[in-house]
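Residues per chain are reported as follows:
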Amino acid sequence: MRNKLDQVDFNILNILAENAQTPYTDVAKKLIVSPGTVHMRMRKMREMGLITGATLSLNYAKMGWKMTIFLGIFLSEISMFKKVMEQLNDIEEVVKIHHVTGKYDIFIKMHARDSFHYKQVYQDDILGIAGIRGIESFISIEENLERHIQFVELEE
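First, a word on what this report is: a plain description of the structure on this page. (Residues numbered from 1 in each chain as written. Predicted model: local features only at pLDDT ≥ 70, side-chain atom pairs only at ≥ 80, totals over all residues. Heavy atoms only, no water.)

Once that is clear, we can look at the nonpolar core. Leu 71, Ile 73, Leu 88, Ile 106 and Ile 126 are the most contacted members of the largest nonpolar core, which has 22 residues in total. Taken together, the elements giving at least two residues each to this core come down to β1 (67-75), α4 (81-89), β3 (106-112), α5 (115-126) and β4 (132-140). It is β1 that contributes the most residues to this core, five residues altogether. Residue contacts for Ile 106: discarding those within four places in its chain leaves Leu 71, Gly 72, Ile 73, Leu 75, Phe 81, Val 84, Met 85, Leu 88, Ile 97, His 98 and Val 100. Leu 5, Val 27, Met 42 and Met 45 belong to the second-largest nonpolar core, a separate cluster that totals 13 residues. (Core = buried A, V, L, I, M, F, W, Y, C linked by side-chain atoms within 4.5 Å. Buried < 20%, exposed > 50% of the residue type's maximum accessible area, 1.4 Å probe, protein only. Helix = DSSP H or I, 4+ residues; strand = E, 2+ residues; numbered from the N terminus. Contact = heavy atoms within 4.5 Å.)

Shown next as structure tokens:
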């Protein structure tokens, strides 16, 4: 059982995926288990590398960051991948970086306060990265869903 998940583990993950700040005692009450069980299961899942942290879901627009932009990046050479990723990682406004298959080599998500801020980051920071051959930009006009997968125990 040390390296295997069961339905209690999946139920704990489902509750905490909804709100990572839910106290373990509340999780235990919902699942009708002891708080110690929740603590032990969470420790096990951290040790397995399944849980790597907890994050807040932020409404960037309400904090004055009104633009969410996705960029599809073409590399001049695939061997530049790691260097480009490292430099993108240094740009504060970039919040997700994916190495992808298909049309693009890298796909990123970033936030900006407004179009002027986006232009500054795009022109000064991103376009200056050696190894980028081209970029296609996609401006999000509305986000309608952000969620985690509902976990169920898988049959073996």
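Successive side chains on a regular strand alternate, one facing one side of the sheet and the next facing the other. Extensive coverage of β3 is indicated by the burial of six of its seven residues. The pairing of β1 with β3 spans seven bridges and is classified as antiparallel. From the neighbouring strand, Gly 72 faces β3, where its bridge partner is Phe 107. Pairing of strand β2 (residues 94-99) with β3, which is carried by five bridges, proceeds in the antiparallel orientation. The residue bridging His 99 from the neighbouring strand is Ile 106, located in β3. (Pairing = 2+ DSSP bridges.)

Our next topic: the layout of surface pockets. Its boundaries defined by the atoms lining it, the largest pocket holds a volume of some 1500 Å³. Looking at the largest pocket, it is lined by 46 residues, and the ones nearest its centre are Thr 55, Leu 56, Ser 57, Glu 146 and His 148. Counting residues per element, the lining of the largest pocket draws most heavily on helix α1 (residues 7-18), at six residues. Of the residues assigned to the lining of the largest pocket, the class counts are 23 nonpolar, 14 polar and nine charged. (1 Å grid on protein atoms, 1.4 Å probe; cavity = no way out; pocket = protein on both sides within 12 Å on 5 of 7 lines; lining within 4 Å. Points joined across faces, edges and corners; volume = space filled by probe spheres on them. Nonpolar A, V, L, I, M, F, W, Y, C, P; charged D, E, K, R; others polar.)

Here the focus is the pattern of salt bridges. Opposite charge on two side chains permits them to pair, given that their charged atoms come into close proximity. The full count for this structure, using the stated rule, is five salt bridges. For Asp 9, the salt bridge identified is with Arg 41, shortest N-O distance 3.2 Å. Residue Asp 9 is located in helix α1, and its partner Arg 41 is located in helix α3 (residues 35-47); the two are separated by 32 residues in the primary sequence. For the pair formed by Asp 9 and Arg 41, the shared burial category is buried. Between Lys 44 and Asp 9 there is a salt bridge, with its nearest N and O atoms 2.7 Å apart. Taken together, the residues span a long stretch of sequence, with Lys 44 in helix α3 and Asp 9 in helix α1 at a distance of 35 residues. (Salt bridge = Lys/Arg side-chain N within 4 Å of Asp/Glu carboxyl O.)

Trans is the common state for peptide bonds, and a negative phi is the common state for residues other than glycine. Residue Ile 32 is not a glycine yet carries a positive backbone phi of 55°. Looking at the element boundaries, Ile 32 is found in the loop between α2 (24-31) and α3. A relative accessible area of 76% places Ile 32 in the exposed class.

Evaluation of the coordinates by the stated rule reveals six aromatic pairs. Note on Phe 74 and Tyr 104: the rings are 5.1 Å apart at their centroids and 50° apart in plane angle, and the pair reads as tilted. Separated by 30 residues along the polypeptide, Phe 74 in strand β1 and Tyr 104 in the loop between β2 and β3 bring together distant segments of the chain. As far as the burial class goes, Phe 74 and Tyr 104 line up, both buried. Here a set of aromatic residues connected by ring pairs shows up, and it is made of Phe 70, Phe 74, Tyr 104, Phe 107 and Phe 138. Across the ring face of Trp 65, the terminal group of Arg 113 is positioned such that the distance to the ring centre comes to 5.1 Å. (Phe/Tyr/Trp six-rings, centres within 6.5 Å; stacked < 30°, edge-to-face > 60°. Lys NZ or Arg CZ within 6 Å of the ring centre and 35° of its normal.)

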